[in-house]
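# Results of the structural survey
Residue strings, one per chain:
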Amino acid sequence: MSLKNGNDYIESLRGLKLNVYAFGERIENIVDYPLFRPHINSAAITYELAHDASTEDLVTATSHITGKKISRFTHIHQSTEDLLKKVKMLRMIANRTGTCYQRCVGFDALNATYSVSYEIDQALGTNYHERFRSYLEYIQENDLMVAGAMTDPKGDRGLIPSRQKDPDLFVHIVEKNDKGIVIRGAKAHQTGIINSHEMLIMPTVAMTENDKAYAVVCAIPSDASGVLHIFGRQTNDQRRLEGEIDQGNALYGIVGGEALTILNDVFVPWERVFMCEEYQFAGLLVERFASLHRSNYGGCKGGVSDVIIGAAAAIAEYNGAAKASHVRDKIVEMVHLTETLYSGSLACSCEGVPTPSGAYLVDPMLANTVKQNVTRYIYEICRLAHDIAGGFMATLPSEKDLKHPEIGPYIEKYLKGVDSVPTIDRIRMARLIENMTGGTALVESMHGAGSPQAQRVMILRQANLDRKKSLAQKLAGIQVSSNSMVHD
Ligand code: SF4
Ligand code: FE
């Protein structure tokens, strides 16, 4: 089967029998539902660009399994060049969508599962990796979109999975038989799930032996029996039901279209199970996935920031303030922050190393640093965009008022900026900034790919403070007894 284009992808979604709710209603036609469609359009770009001569080098790759041309989103990184191309691809796509295109979560889940299933087999003599390769080949051949499903609801954050009052607050195995397993629980804020063909389920924390029923990695179709998706609200989402201008980015929306996915005793055949109770490997899988996904953010958020910078520069022109030195300086600051994010993603890719399976992994320390920077720099970039745009962005009348025959002309007249720019263009640009820099988009930068504290835990774990102390002690001329001295 050949690579899908954007339209093939959208049409393929019509064949899914998803059980999905939004605003208290079951949504039968997910493809044409206005709340979902921008997210679908955004994911479709990842398919469309595989057929564009100017982008196919980044968006496609050669399968190491079949030797065929495949989407990079289904590829297993074979080199640091692959890791670098991924980051460049993410920025390039975000430049076109101005928002999340959702397909990277599954991409990173495929790569993490590939390497960890290999290592489980090496240690325990299981055959998960072979199964997983067959699954991967199926995904590559059919060019499917996979949602990476990691985050459990987690209940009481102070308790491990097996100590929770409600055992379902982490996904767990409730039955094993000769045909497969049955799982129960939920996955929270699932990016792109309502327009994915498959979901790849992973544990969300390291596990102890008591938690072994929770150590499960498996794949199911997104419309498998027992699966229910409840779509999440976003800032200004009702505007999608009203018109175009007030949405800001009507074509591609904002953020990823997240949902709460309930798994009500879902059967998974053995050929789709890639970890079953091997609790010792749950932490490794979480770390691999987290590092891969955190490494993305200087690419995709860098690309989104390019659009915000462009919007801020444009609105400054429309306001007649583009030449003011403080505005230029703020634009420089935004560019500097964006390029800093991007360089971090490139750096952790350059420093990638092969895992025992041959799949390449980014440098975990640098990857976590990238994401930690995103939790701060995107807020600063958005703050500067608000500063440059001006307060009118937050008090604009609606599209319906603008188009009203009696009151519309007043808006045209009194919201005019420089004479050469139509008022409606000034309004459109302000709406774009409003929607790219507001509520849901900002929170996604904070918590997407893991909350800031999760990165800080991994940064501390890899910081090798003993070595750093030893460096300082040597220079300071401090003698440290050999049993407490840690060398390189
Ligand atoms: Fe990809 Fe970025 Fe969306 Fe994550 S937030 S799925 S890395 S585009
Ligand atoms: Fe994300």
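Notes on the structure in this doc start here. (Residues numbered from 1 in each chain as written. Chains lettered and ligands numbered in written order. Predicted model: local features only at pLDDT ≥ 70, side-chain atom pairs only at ≥ 80, totals over all residues. Heavy atoms only, no water.)

## Some thoughts on the site of ligand 1
To be explicit about the condition: Here a residue counts as near a molecule or strand whenever at least one of its heavy atoms sits within 4 Å of it. Here a helix means four or more residues in a row that DSSP labels H or I, a strand means two or more in a row labelled E, and each is numbered from the N terminus. Under the grouping applied here, Gly and all other residues not named as nonpolar or charged are polar, the nonpolar ones being Ala, Val, Leu, Ile, Met, Phe, Trp, Tyr, Cys and Pro and the charged ones Asp, Glu, Lys and Arg.
Around ligand 1 sit Cys 100, Tyr 101, Gln 102, Cys 104, Val 105, His 293, Asn 296, Tyr 297, Cys 300, Lys 301 and Glu 444, and that is every residue in its neighbourhood. Secondary-structure elements contributing two or more residues to the shell around ligand 1 are helix H5 (104-124) and helix H7 (282-319). Taken together, the residues of the shell around ligand 1 sort by class into six nonpolar, three polar and two charged.

## So, the coordination of the iron ion (ligand 2)
The line we're drawing: Note that water is not among the atoms used; donors are N, O and S atoms within 2.8 Å of the metal (3.2 Å for Na, K and Ca), so sites may look incomplete. Whether a residue is buried, partly exposed or exposed follows from its accessible area with a 1.4 Å probe, protein chains only, as a fraction of its type maximum: under 20%, in between, or over 50%, in that order.
Distances from the iron ion (ligand 2) to its protein donors, Tyr 297 (OH) and Glu 444 (OE), fall at 2.2 to 2.3 Å. Remark: Glu 444 occurs in helix H13 (residues 439-447) and Tyr 297 occurs in helix H7; sequence separation between them is 147 residues. The two residues Tyr 297 and Glu 444 agree in class, both being buried.

## Examining the packing of H7 against helix H9 (residues 364-389)
Rules: Helix axes use the C-alpha atoms of the stretch in contact, all axes being lines fitted to C-alpha atoms, and the angles between their N-to-C directions lie in the range 0 to 180 degrees. An angle below 35 degrees is treated as roughly parallel, one above 145 as roughly antiparallel, one from 65 to 115 as roughly perpendicular, and anything else as oblique. With the far helix as reference, a near helix turned anticlockwise by less than a right angle produces a left-handed crossing, and one turned clockwise produces a right-handed crossing. Contacts are assigned to residue pairs with any non-hydrogen atoms lying within 4.5 Å of each other.
Contact geometry of H7 with H9 gives a least axis separation of 9 Å together with a crossing angle of 15 degrees. Regarding the angle of H7 to H9, the classification is roughly parallel. Considering the relative orientation of H7 and H9, their crossing is left-handed. Between H7, through Ser 291, Arg 294, Ser 295, Tyr 297, Gly 298, Lys 301, Ser 305, Ile 308, Ala 312, Ile 315, Ala 316 and Asn 319, and H9, the contact on the second element is made entirely by Pro 364, Ala 367, Asn 368, Val 370, Lys 371, Val 374, Ile 378, Ile 381, Cys 382, Ala 385, Ile 388 and Ala 389. Tallied by class, residues from the contact of H7 with H9 come to 15 nonpolar, six polar and three charged.

## Observations concerning a nonpolar patch on the surface
To be explicit about the condition: Every patch collects residues that have over 30% relative accessible area and no salt bridge, joining them within 9 Å if they carry like charges and within 5 Å if they are nonpolar side chains (Val, Leu, Ile, Met, Phe, Trp, Tyr). Only the protein chains shown count as covering a residue, and every accessible area follows the Shrake-Rupley method with a 1.4 Å probe. Just to be clear on terms, a salt bridge is a Lys or Arg side-chain nitrogen sitting within 4 Å of an Asp or Glu carboxyl oxygen.
A contiguous nonpolar patch, built from Tyr 21, Ile 230 and Leu 260 and spanning about 230 Å² of accessible area, is present on the exposed surface. Of note, Leu 260 is situated in strand S11 (residues 259-269). By relative accessible area, Leu 260 is classed as partly exposed at 34%.

## So, the packing of aromatic side chains
What counts is decided by this rule: Note on ring pairs: Phe, Tyr and Trp rings are taken, using the six-membered ring of Trp, and paired if centres are within 6.5 Å. Classes follow the plane angle, with under 30 degrees stacked, over 60 edge-to-face and the rest tilted. Charge-over-ring placement is defined geometrically: NZ (Lys) or CZ (Arg) within 6 Å of the ring centre, and within 35 degrees of the ring normal.
A full pass over the atoms with the stated rule returns 11 aromatic pairs. Here the aromatic rings of Tyr 114 and Phe 132 are separated by 6.5 Å at their centres, their planes lie at 70 degrees, and the arrangement is edge-to-face. One end of the pair, Tyr 114, is in helix H5; the other, Phe 132, is in helix H6 (residues 128-142), with 18 residues separating them in the sequence. Residue classification places Tyr 114 among the buried residues on the basis of a relative accessible area of 3%. Every member of this aromatic cluster is reached through a ring pair, and the members are Tyr 114, Phe 132, Tyr 135, Tyr 138 and Phe 274. Of note, Lys 301 hangs over the ring of Tyr 297, and the distance from its end group to the ring centre comes to 4.6 Å. Between the NZ or CZ atom of Arg 426 and the centre of the ring of Phe 392, over which it lies, the distance is 3.8 Å.

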